[in-house]
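What follows is the residue order along each chain.
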Amino acid sequence: MAKTKELSKDTRNKIVDLHQAWKTDSAIGKQLGLKKSTVGAIIRKWKTFKTIDNLPRSGAPRKISPRGVKMITRMVSKNPRNTRGDLVNDLQRAGTKVTKATISYTLPRQGLKSCSARHVPLLKPVHVQARLKFAREHLDDPEEDWENVIWSDETKIELFGKNSTRRVWRTKNAELHPKNTIPTVKHGSGHIMLWGCFSAKGPGRLIRVKERMNGAMYREILSENLLPSARALKMKRGWVFQHDNDPKHTARATEWLRKKHFKVLEWPYQSPDLNPIENLWRELKVCVAQQQPQNITALEEICMEEWDKIPATVCENLVKTYRKRLTSVIANKGYITKY
């Protein structure tokens, strides 16, 4: 059946005025060129609700009962990896037949939406407890203590790949125009490994690791870059060095740090979210991707340039808010938090 055009407010007012002037429904219909049933419906609404305005409409009935809604909400809360197909099958076994589309409409109304699962380090119970212990022990440390820490880590930056993913505005059939594409290379995209450090006073040294990292190379990196970074950053006496528990960090490098009498922050395993340098790596990768380097040499040069451009205020803010990281770990019962 074709959808009829809604009457204007003026027409509805005329119908009521003519009705109050003792005109019949048929006479009103003939005068305004409307069906008698349409006129009668407007008059009945006016008599019943004292208005000619549109009333709230209930819409089509829900295809899933309140019990079914509670059931699928409970299912996804218990196992977030349930697919729409899984939920359809489970409901069907319980006697409720729905489609995947119904599932897609229902769950967002319950505050649930489908998202890509984030990749996080695998945490064993011992890791969770160590993270909680670290957060609780350092929760009340004064801000000045964190300002006297040099944070460090390594990262991989790709020439072409997910770090260079971008969206473009283009017309139809222009997807292969050079301006609308990101070049790739065969057999991998190429990347460089970087080691860097920073403190609340700004970024320290950033170097490219050209060979596979091992304990000996890591010790060499520290011997050539850690102390110069501390001097450039004008660290106070008794400054503390932070690095994670990667095996190459805990062999010869640990012995070297001990001989040099450097203070090292005891660090829980699998805790990238507790290291504020991760935020700097993310910003660096975004800046590098925007410039779209075309070869490894250009990639390295851009990384060094963008690292040096990082404002000291950004580093300072990351350290000033460090207590929030600790409270987040405690609130999340030791599991990985957003950083």
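Note that this is a predicted model, so its numbers are computed, not measured. (Residues numbered from 1 in each chain as written. Predicted model: local features only at pLDDT ≥ 70, side-chain atom pairs only at ≥ 80, totals over all residues. Heavy atoms only, no water.)

*Asks:* Account for the overall build of the chain, naming residues and giving values.
*Replies:* Helix and strand counts for the chain come out as 14 helices and five strands. The contacts of the chain with a sequence gap of at least 6 include a subset with a gap of at least 24, amounting to 70%. As presented, the chain carries roughly 22,700 Å² of accessible surface, and 51% of it is formed by carbon and sulfur atoms. (Helix = DSSP H or I, 4+ residues; strand = E, 2+ residues; numbered from the N terminus. Contact = heavy atoms within 4.5 Å. Areas by Shrake-Rupley, 256 points an atom, 1.4 Å probe, with all protein chains shown as cover.)

*Asks:* So what's going on with the pairing of strand β1 (residues 149-158)? Which residues, and what values?
*Replies:* Most of β1 is tucked away, with nine of its ten residues classed as buried. As paired elements, β1 and strand β4 (residues 240-242) share three bridges and run parallel to each other. Note that in β4 the partner of Trp151 across the bridge is Gln242. Bridge analysis of β1 against strand β2 (residues 191-199) gives eight bridges, and the strand direction is antiparallel. Looking across to β2, one finds that Ile157 is bridged to Ile192. (Buried < 20%, exposed > 50% of the residue type's maximum accessible area, 1.4 Å probe, protein only. Pairing = 2+ DSSP bridges.)

*Asks:* Residues and numbers for helix α12 (residues 296-308), please.
*Replies:* Helix length check: α12, at 13 residues, gives a terminal C-alpha distance of 19 Å against a target of 18 Å (1.5 Å per residue), a fit within 8%. Regarding α12, the residues found buried are Ala298, Leu299, Ile302, Cys303, Glu306 and Trp307. Down the axis of α12, the buried set is contained in an arc of 160°. They therefore lie on one face. Exposed and oriented more than 90 degrees from the buried face of α12 are Thr297 and Asp308. Elements that come into contact with the buried residues of α12 comprise β1, β2, β3 (202-209) and α11 (277-291). You can read the cap of α12 off the contacts: a side-chain oxygen lies 3.2 Å from the backbone nitrogen of Thr297, and it is on Asn295. (Expected span 1.5 Å × (residues − 1). Arc of directions from axis to C-beta. Polar contact = N/O pair within 3.5 Å; in protein donor to acceptor, adjacent residues only side chain to side chain.)

*Asks:* Describe the pattern of salt bridges, and please don't skip the residues or the numbers.
*Replies:* Scanning the entire structure with this criterion turns up nine salt bridges. Here Asp53 and Lys9 are joined by a salt bridge, their closest N and O atoms 3.5 Å apart. Residue Asp53 is located in the loop between α3 (36-49) and α4 (66-78), and its partner Lys9 is located in helix α1 (residues 9-20); the two are separated by 44 residues in the primary sequence. Among the salt bridges present, the one from Lys133 reaches Glu137, with a minimum N-O distance of 2.8 Å. Taken together, the residues span about one helical turn, with Lys133 and Glu137 both in helix α7 (residues 125-138) at a distance of four residues. Among the residues examined, Lys133 registers a relative accessible area of 48% and is labelled partly exposed. Given a relative accessible area of 49%, Glu137 falls into the partly exposed group. (Salt bridge = Lys/Arg side-chain N within 4 Å of Asp/Glu carboxyl O.)

*Asks:* Give a detailed account of the sheet that holds β4, specifying residues and quantitative values.
*Replies:* Here five strands make up an open sheet; going across it, the order is β3-β2-β1-β4-β5 and the pairing mixed. Unpaired on one side and paired on the other, β3 and β5 (263-264) mark the two borders of the sheet. Sheet contacts for α11: β1, β2 and β3; angle to β1, the most-contacted strand, approximately 35°. Of the strands in this sheet, β1, β2 and β3 touch helix α13 (residues 312-320), which is tilted by about 75° from β2. (Axes fitted to C-alpha atoms, helices over the stretch in contact; angles between N-to-C directions.)

*Asks:* Give a description of α1 that names residues and reports values.
*Replies:* In this model, α1 (twelve residues) spans 17 Å end to end at C-alpha, consistent with the 16 Å of a helix rising 1.5 Å per residue. Residues of α1 that are buried in the fold lie against α2 (25-32) and α3. Trp22 sits one or two positions beyond α1 and adopts a positive phi of about 70°.

*Asks:* So what about the environment of Leu284? Which residues, and what values?
*Replies:* Mapped onto the secondary structure, Leu284 falls in helix α11. A relative accessible area of 2% places Leu284 in the buried class. For the pair Leu284 and Glu305, spaced 21 residues apart in sequence, the C-alpha to C-alpha distance is 9.9 Å.

*Asks:* Give a detailed account of the packing of α1 against α2, specifying residues and quantitative values.
*Replies:* Here α1 crosses α2 at 140°, and the two axes come no closer than 10 Å. With respect to their mutual orientation, α1 and α2 come out oblique. The handedness of the crossing between α1 and α2 comes out as right-handed. Contact residues: α1 offers Thr11, Lys14, Ile15, Leu18 and His19, while α2 offers Ile28, Gln31 and Leu32. Its residues assigned to classes, the contact of α1 with α2 shows four nonpolar, three polar and one charged. (Parallel < 35°, antiparallel > 145°, perpendicular 65-115°, else oblique. Left-handed = near helix turned anticlockwise from the far one by under 90°. Nonpolar A, V, L, I, M, F, W, Y, C, P; charged D, E, K, R; others polar.)

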